[in-house]
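# Commentary on secondary and tertiary structure
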Amino acid sequence: MNKNTFINIHKCAVSDGRKNFIENLEWVYKDGENWLITGSNGGGKSAMASALSGNLEIVPDNFAEGSFYTNIFKNSTVSVSFEKAAALIEEEMANDESEFVEGGVDIGRTAGAFIASALPPAEKDCNLAEHPAVKLLGIGHILNRGLKYLSTGEIRRTLLAQALAAKSDLLILDEPFEGLDVQSRENLRNFLAGLLQNDKNSAGSADKNAPDVHIPKILLLMDRFDYVPDSITHVLELYKGSVSFCGKVADYAGFLKARQESEKETKEQMKAELVHAVAEAQKQGILQKEAIEAGSSLPLIEMNNVCVGWDGKKVLDNLNWKVESGKHWLIRGPNGSGKTTLLELITGDNAQVFCNDVRLFGNKRGSGETIWELKAKMGIVSYRLHVDYRNFGDMKIENIVISGLHDSIGLYEKVGDYEKILARSWLKLCGFENRYDEAFKTLSYGEQRGVLIARAVVKCPKLLILDEPCHGLDSESKTRVLSILQTIADSGLTTLLHVTHDPDEVLPCEKQVLELRPGETPMYQILER
């Protein structure tokens, strides 16, 4: 192999030994090039990352002349992805020993211990809070917090810090900007630009005694072309398991523009069809008379002087908030500001709800209602739910959606024909037509998220709770899902609570804004758009 060539793949397949995820793969990565790997959900991006990091095989085709694979980074590659974050949380949950611990709380591994486990021997005794990767990513304040208590954005930053601390030669970043707040996103963008240019000054620490950040080669896996750092020189696009583009970034920009122009009319037609299809699916899904009756005059949610915190830290303080039927809310704030905690008070996943005045659908929590009575009126899309469902990887996606009708994680009741028809109508809307028998674990992370959105909306809930619902979705899927959610909101049957950091994902119907402002007094503001 040429000494200036890092990776050379010629006529190979990416495989797990049973199934080929990418076929006839050809790609050469040379010194001086900065690559973006992109493509639609299920196209092969995640399979490519798994193969390069050693979790899948890159297999030469014995029947293709000259087929081969070489990779100088083969034993020194680290990836940061949604899949890795989910697997980490699964592991922490599986090892939870709270029932055997005095006080009933086992925080598990801390963020600091997790990052420190990757440090080279010479740096084991360093002050972790002063490590340049920790300072750069702004996570010094969470080093003593358990991994399972971190927000989505915090755990993403922790994974990235650990990857940088490991000093691997190749760092694969799969959708690195997803789940980060605006400031963190801008910091990461500037940092990546420095890494891609091998600019040590932009990646180093102000503390001259602290260890330098090792400068690895970077591979970016991203769907959104507008977030890509200017330093990217080349693009590899994968579509349905094969290469659809491989070349210079300037050529890809022209390729993308031509494609978008040709698909413009099709997308407009799709939006019009979605409005009709959603209305039909909702009509089929109204299982209870109360769903179509005039809404109660009582608020769906009411919180009075709510205070939540742990380890001496206030997460929510004296929060007064009311959600009325038909008024859709955007919830925003920086990573770690309490957005997920707020939603968990509503869904019943945070026990501090019982020592606060929280009322759902007119009833005070703890006054006798069961969690099942509440969840019957709610649809939920969240990172935690996604992690839970990864334990049901062999389950058919049709049954995943049907489980939303029973408010269960998994499915434990006999499935009726009506439920199948209803589930398939929503799966078709979300882009899974004729894929109903596929196992959840065989889908990409973004495709799994699409299935969970179908699960949340299948029963036409009074309240739809969306915690970063578009995580991992490609542009086409994101456009489709946002159109579906807007149409659901317009129907008047469902009220939306939507957490997102991305201004492009804010829906026109979301006129009310709850903005969390940690460290300020008060710690929140209620605004109107």
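What counts and what doesn't
Residues numbered from 1 in each chain as written. Predicted model: local features only at pLDDT ≥ 70, side-chain atom pairs only at ≥ 80, totals over all residues. Heavy atoms only, no water. Axes fitted to C-alpha atoms, helices over the stretch in contact; angles between N-to-C directions. Helix = DSSP H or I, 4+ residues; strand = E, 2+ residues; numbered from the N terminus. Parallel < 35°, antiparallel > 145°, perpendicular 65-115°, else oblique. Contact = heavy atoms within 4.5 Å. Nonpolar A, V, L, I, M, F, W, Y, C, P; charged D, E, K, R; others polar. pLDDT = per-residue confidence, 0-100. Salt bridge = Lys/Arg side-chain N within 4 Å of Asp/Glu carboxyl O. Buried < 20%, exposed > 50% of the residue type's maximum accessible area, 1.4 Å probe, protein only. Core = buried A, V, L, I, M, F, W, Y, C linked by side-chain atoms within 4.5 Å. Pairing = 2+ DSSP bridges. Phe/Tyr/Trp six-rings, centres within 6.5 Å; stacked < 30°, edge-to-face > 60°.

A separate point is the packing of helix α2 (residues 82-94) against helix α5 (residues 152-165). Where α2 contacts α5, the two axes come as close as 10 Å, and the packing angle between them is 100°. Viewed along their axes, α2 and α5 adopt a mutual orientation that is roughly perpendicular. On the side of α2, the interface is formed by Phe82, Lys84, Ala85, Leu88 and Ile89, while α5 contributes Ile155, Arg156 and Leu159. When its residues are assigned to classes, the contact of α2 with α5 shows six nonpolar, no polar and two charged.

Quick look at the confidence of the model for the protein now. This prediction gives the protein a mean pLDDT of 84; 89% of its residues lie at or above 70. When the criterion is pLDDT under 50, residues 287-295 qualifies, and its contacts beyond four places in sequence or with other chains add up to eight contacts.

Before going further, it helps to spend a moment on the pattern of salt bridges. One pass over the structure, following the stated rule, counts 23 salt bridges. The residue arginine 145 makes a salt bridge to glutamate 154 at a minimum N-O spacing of 3.1 Å. For glutamate 154, a relative accessible area of 1% corresponds to the buried category. Residue arginine 424 pairs with glutamate 398 through a salt bridge whose shortest N-O separation is 2.4 Å. Pair noted here: arginine 424 is in helix α13 (residues 417-429) and glutamate 398 is in helix α12 (residues 397-406), with a separation of 26 residues, a long-range link. Take arginine 424: its relative accessible area is 33%, and that puts it in the partly exposed class. One continuous salt-bridge network, built from bridges that share partners, spans Glu91, Glu92 and Arg109.

As for its placement among the helices and strands, threonine 110 is situated in the loop between α2 and α3 (111-116). Leaving out residues up to four positions away in the same chain, threonine 110 has contacts with Leu143, Asn144, Arg145, Gly146 and Leu147.

Let's shift gears to the nonpolar core. If you look at the biggest cluster of nonpolar residues, it comprises 51 residues, and the most contacted ones within it are Ile115, Leu164, Leu171, Leu173, Leu220 and Tyr383. With seven residues, α5 is the largest single contributor of residues to this core. Ignoring any residue separated from it by four or fewer positions in sequence, one finds leucine 220 in contact with Trp35, Leu36, Ile37, Leu173, Pro176, Leu192, Pro229 and Ile232. Core analysis: the next-biggest nonpolar cluster, separate from the first, contains 40 residues, Phe440, Leu443, Val451 and Leu466 among them.

This part takes up the environment of glutamate 413. Relative to the assigned elements, glutamate 413 resides in the loop between α12 and α13. Overall, glutamate 413 belongs to the partly exposed group, its relative accessible area being 49%. For glutamate 413 and isoleucine 402, which are 11 residues apart along the polypeptide, the C-alpha to C-alpha distance reads 10.0 Å.

Taken in spatial order, the six strands make up an open sheet running β16-β17-β18-β13-β19-β20, and their pairing is mixed. Of all the strands in the sheet, just β16 (378-381) and β20 (524-528) have a single pairing partner and so form its edges. Within this sheet the neighbouring strands show an average axis-to-axis angle of 15°, counted without direction. Sheet topology places strand β13 (residues 329-332) next to strand β19 (residues 512-516); four bridges connect them, and they run parallel. Of the residues in β19, the one forming a bridge with tryptophan 329 is glutamine 512. Across the sheet, helix α9 (residues 339-347) is in contact with β13, β16, β17 (463-467), β18 (495-499) and β19; its angle to β17 comes to roughly 150°. Here helix α14 (residues 445-457) sits on the sheet in contact with β16 and β17, set at roughly 170° to β16.

Turning to the pairing of strand β14 (residues 357-360), a few remarks are in order. The side-chain alternation of β14 yields one buried face, formed by Val358 and Leu360, and one unburied face, formed by Asp357 and Arg359. For strand β11 (residues 301-310) and β14, the ladder comprises four bridges, and the chain directions are antiparallel. Along β14, the bridge assignment pairs methionine 303 with valine 358. With two bridges connecting them, β14 and strand β15 (residues 363-364) associate as antiparallel partners. Bridge pairing in β15 places leucine 360 opposite asparagine 363. Following β14, the chain reverses through two residues before pairing antiparallel with β15; phenylalanine 361 in that reversal takes a positive phi of roughly 55°.

All right, on to the sheet that holds strand β3 (residues 35-39) then. On the basis of which strands lie adjacent, the open sheet formed by six strands has the order β6-β7-β8-β3-β9-β10 and mixed pairing. If you trace the sheet from one side to the other, it starts and ends with β6 (77-80) and β10 (242-248), each paired once. On average, adjacent strands in this sheet sit at an angle of 15° to one another, irrespective of strand direction. Relative to strand β8 (residues 217-221), strand β7 (residues 170-174) is paired through five bridges, and the arrangement is parallel. Following the sheet pairing, leucine 170 is matched in β8 by lysine 217.

Examined against the element boundaries, leucine 128 turns out to sit in the loop between α3 and α4 (132-137). With sequence-adjacent residues up to four places away left out, leucine 128 is seen in contact with Gly112, Ile115, Ala116, Leu119, Val134 and Leu143.

With that out of the way, let us pick up unusual backbone geometry. The omega torsion across threonine 521 and proline 522 is -5°, close enough to zero to call that bond cis. Here proline 522 lies in the loop between β19 and β20. Of note, the phi angle at lysine 167 is positive, near 55°, even though the residue is not glycine. Looking at the secondary structure, you find lysine 167 in the loop between α5 and β7.

The next point concerns the packing of aromatic side chains. Under the criterion given, the structure shown has 11 aromatic pairs. With a centroid separation of 5.5 Å and an interplanar angle of 90°, the aromatic rings of tryptophan 27 and tryptophan 35 are classed as edge-to-face. Of the two residues, tryptophan 27 and tryptophan 35, both sit in the buried class. An aromatic cluster of three or more residues is present, and its members are Phe6, Trp27, Tyr29, Trp35 and Phe73.

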